[in-house]
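Commentary on secondary and tertiary structure
Each chain, letter by letter, is given below.
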Amino acid sequence: MVFGRCGRRRRETLLRPGIGLDCAVLELGQDTIALTSDPITAAGANAGWLAVHIACNDLAACASEPIGILTTVLLPVGSSEHHFAMICLDLHRAAESLNVEILGGHSEITLGIEQPIVVTTAIGRSGRNRILGASGCEAGDSLLMTKAAGLEGTAILATDLSDRLEGKVGVEVLKRAQSFVNEISVVEEGLSAAGSGASGLHDATEGGIIGASWEMAEASGLGMTLYAERVPIRTETLAICSILGIDPLRLITSGTMLIATAVPDRTAGALKERGMAVTEIGRFHSDASRSLITQEGTLPLEPPARDEIWRILEGQG
């Protein structure tokens, strides 16, 4: 429905839409720029903070330095000026933390929505010889991941379902889980990996580690093996997921960069030198098979039908 209906092709376009490809890259004279757009729809709190980081993460997964953003804020009828002001403050704080300018956008109160929707378009600067993305993986590449699975989903659930969870996981666990929102950015990871031998990059968002891994294999036309037991998952995430009946590998996980590389020691070493946690969790191969290796056995690696967070949040209504 989408990829065959993208208007007239322009010669300036270097990277076009595809599965797992979140950015477009354009060559405009002597400049090469990347653009991306993303909505925040699942978060009640921290929507402004997440909106900036999620969009800029897409740029980083294309080895591009974020420069500016434009943001559309849609609020439901009855929203207060204070709520709007807090979203704007979060947008400002996040943009400042990434050295990014808010260039403009739009805001309105509108019918038909129940919670704020924040859509961010981000613009970045790309190197002509350094355009990466989910489609750059090669057979034999190792798959690395930074940080841990389910960071964004854990932070959202710990914040928006705090009343439900506090008595079951305890206040301290809940506070630590909520603080994961401060680790959402993968800009530094993406730019560091791009300069240290990465062949493909992808920020893991909806669908979690499993969804993002499958997207990289699909975008690159490769098979892959993903080892579930190697994926790091924090105790706070495990506690919340256990209570809610969630698979953390299928939970939205902004804050994690997936990296394909033929030189895993070099790439991981460069990240670790910057104090970043990095783990090897899989490998790409030329045959078409895609497998998830678990304690229970080998399963097909398939994209989740939906992210786990929606199953839980929609059940709250």
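As the structure is a prediction and not an experimental result, all values here were calculated from the model.

**A word on the sheet that holds strand E4 (residues 64–76)**
As summarised here, the arrangement of the six strands in space is E1-E2-E3-E6-E4-E5, forming an open sheet in which the pairing is mixed. Looking at the sheet topology across the chains shown, the edges are occupied by strand E1 (13–15) and strand E5 (101–110). Across the sheet, the axes of successive neighbouring strands diverge by a mean angle of 20°, strand direction being ignored. Pairing between strand E3 (residues 31–40) and strand E6 (residues 117–126): eight bridges, direction antiparallel.

**Observations concerning a nonpolar patch on the surface**
A contiguous nonpolar surface patch, about 480 Å² in accessible area, is contributed by Met1, Val2, Phe3 and Ile19. Along the polypeptide, Phe3 turns up in the segment before E1.

**Concerning the nonpolar core**
One recurring pattern in soluble globular proteins is that nonpolar side chains are buried together. Counting 91 residues, the largest nonpolar core has Leu157, Leu201, Ile209 and Phe284 as the members making the most contacts within it. A per-element tally of this core places helix H1 (residues 47–60) first, with 10 residues. In this structure Leu157 touches Ser162, Leu165, Ile240, Leu244, Ile246, Leu251, Ile309, Ile312 and Leu313, once residues within four positions along its chain are discounted.

**Quick word on the pairing of strand E10 (residues 257–261)**
Note on strand geometry: in a regular strand, side chains alternate between the two faces of the sheet. Burial of E10 is extensive: five of the five residues sit out of reach of the surface. Here E10 shows two buried faces, one formed by Met257, Ile259 and Thr261 and the other by Leu258 and Ala260. Where strand E8 (residues 198–203) and E10 come together, five bridges link them in antiparallel fashion. Residue pairing in the sheet places Asp203 in a bridge with Met257 of E10.

**Section: the packing of helix H4 (residues 162–169) against helix H8 (residues 235–244)**
H8 packs onto H4 with a crossing angle of 110° between their chain directions and a minimal axis gap of 11 Å. For the element pair H4 / H8, the angle class is roughly perpendicular. Together, Arg164, Leu165, Lys168 and Val169 of H4 and Ala239, Ile240, Ile243 and Leu244 of H8 make up the contact between the two elements.

**A short note on the environment of Leu144**
Locating Leu144 in the fold gives a position in strand E7 (residues 142–146). Residues Leu144 and Val278, spaced 134 residues apart in sequence, show a C-alpha to C-alpha distance of 6.6 Å.

**Section: the packing of aromatic side chains**
A complete count under the given rule lists zero aromatic pairs for this structure. Over the ring of Tyr227 we find Arg230, and its NZ or CZ is 3.9 Å from the ring centre.

**Brief notes about helix H5 (residues 171–178)**
The set of residues buried in H5 consists of Val173, Leu174 and Ala177. For H5, the buried positions fall inside an angular range of 100° around the axis, keeping them on one side. Tucked inside the fold, the buried residues of H5 contact helix H3 (151–160), H4 and H8.

**Overview of unusual backbone geometry**
One non-glycine residue with positive phi stands out, namely Ala63, at about 60°. Along the chain, Ala63 turns up in the loop between H1 and E4. When its relative accessible area of 0% is taken as the criterion, Ala63 is described as buried. A positive phi angle, close to 60°, is found at Asn99, a residue other than glycine. Position of Asn99 among the secondary structure elements: in the loop between helix H2 (81–97) and E5.

**Some thoughts on the sheet that holds strand E9 (residues 223–227)**
Two orientations exist for strands paired in a sheet by backbone hydrogen bonds: parallel and antiparallel. Pairing in this open sheet of seven strands is mixed, and the strands run E8-E10-E7-E11-E9-E12-E13 from one edge to the other. In the strand order of this sheet, the two ends are held by E8 and strand E13 (297–300), each with one partner. When strand polarity is set aside, the average angle formed by the axes of neighbouring strands in this sheet is 25°. In terms of strand pairing, E7 meets strand E11 (residues 278–285) through five bridges, oriented antiparallel. Directly across from Ser142, in E11, lies its bridge partner Arg283.

**Describing the side chain of Thr154**
When you line up the elements, Thr154 lands in helix H3. In this structure, Thr154 is in contact with Ala177, Phe180, Glu236, Thr237, Ile240 and Leu251, ignoring residues within four places of it in sequence.

**Here we look at the side chain of Asp58**
Mapped onto the secondary structure, Asp58 falls in helix H1. Of the side chains with opposite charge, Lys147 comes closest to the buried, unpaired Asp58, at an N-O distance of 13 Å. Asp58 has contacts with Asp22, Cys23, Thr36, Asp38 and Asp203, leaving out every residue within four places of it along the chain.

Rules used throughout
- Residues numbered from 1 in each chain as written.
- Predicted model: local features only at pLDDT ≥ 70, side-chain atom pairs only at ≥ 80, totals over all residues.
- Heavy atoms only, no water.
- Pairing = 2+ DSSP bridges.
- Helix = DSSP H or I, 4+ residues; strand = E, 2+ residues; numbered from the N terminus.
- Axes fitted to C-alpha atoms, helices over the stretch in contact; angles between N-to-C directions.
- Patch = residues over 30% accessible without salt bridge, like charges linked within 9 Å, V, L, I, M, F, W, Y side chains within 5 Å.
- Areas by Shrake-Rupley, 256 points an atom, 1.4 Å probe, with all protein chains shown as cover.
- Salt bridge = Lys/Arg side-chain N within 4 Å of Asp/Glu carboxyl O.
- Core = buried A, V, L, I, M, F, W, Y, C linked by side-chain atoms within 4.5 Å.
- Buried < 20%, exposed > 50% of the residue type's maximum accessible area, 1.4 Å probe, protein only.
- Contact = heavy atoms within 4.5 Å.
- Parallel < 35°, antiparallel > 145°, perpendicular 65-115°, else oblique.
- Phe/Tyr/Trp six-rings, centres within 6.5 Å; stacked < 30°, edge-to-face > 60°.
- Lys NZ or Arg CZ within 6 Å of the ring centre and 35° of its normal.
- Arc of directions from axis to C-beta.
- Lys, Arg positive; Asp, Glu negative; His and termini not counted.

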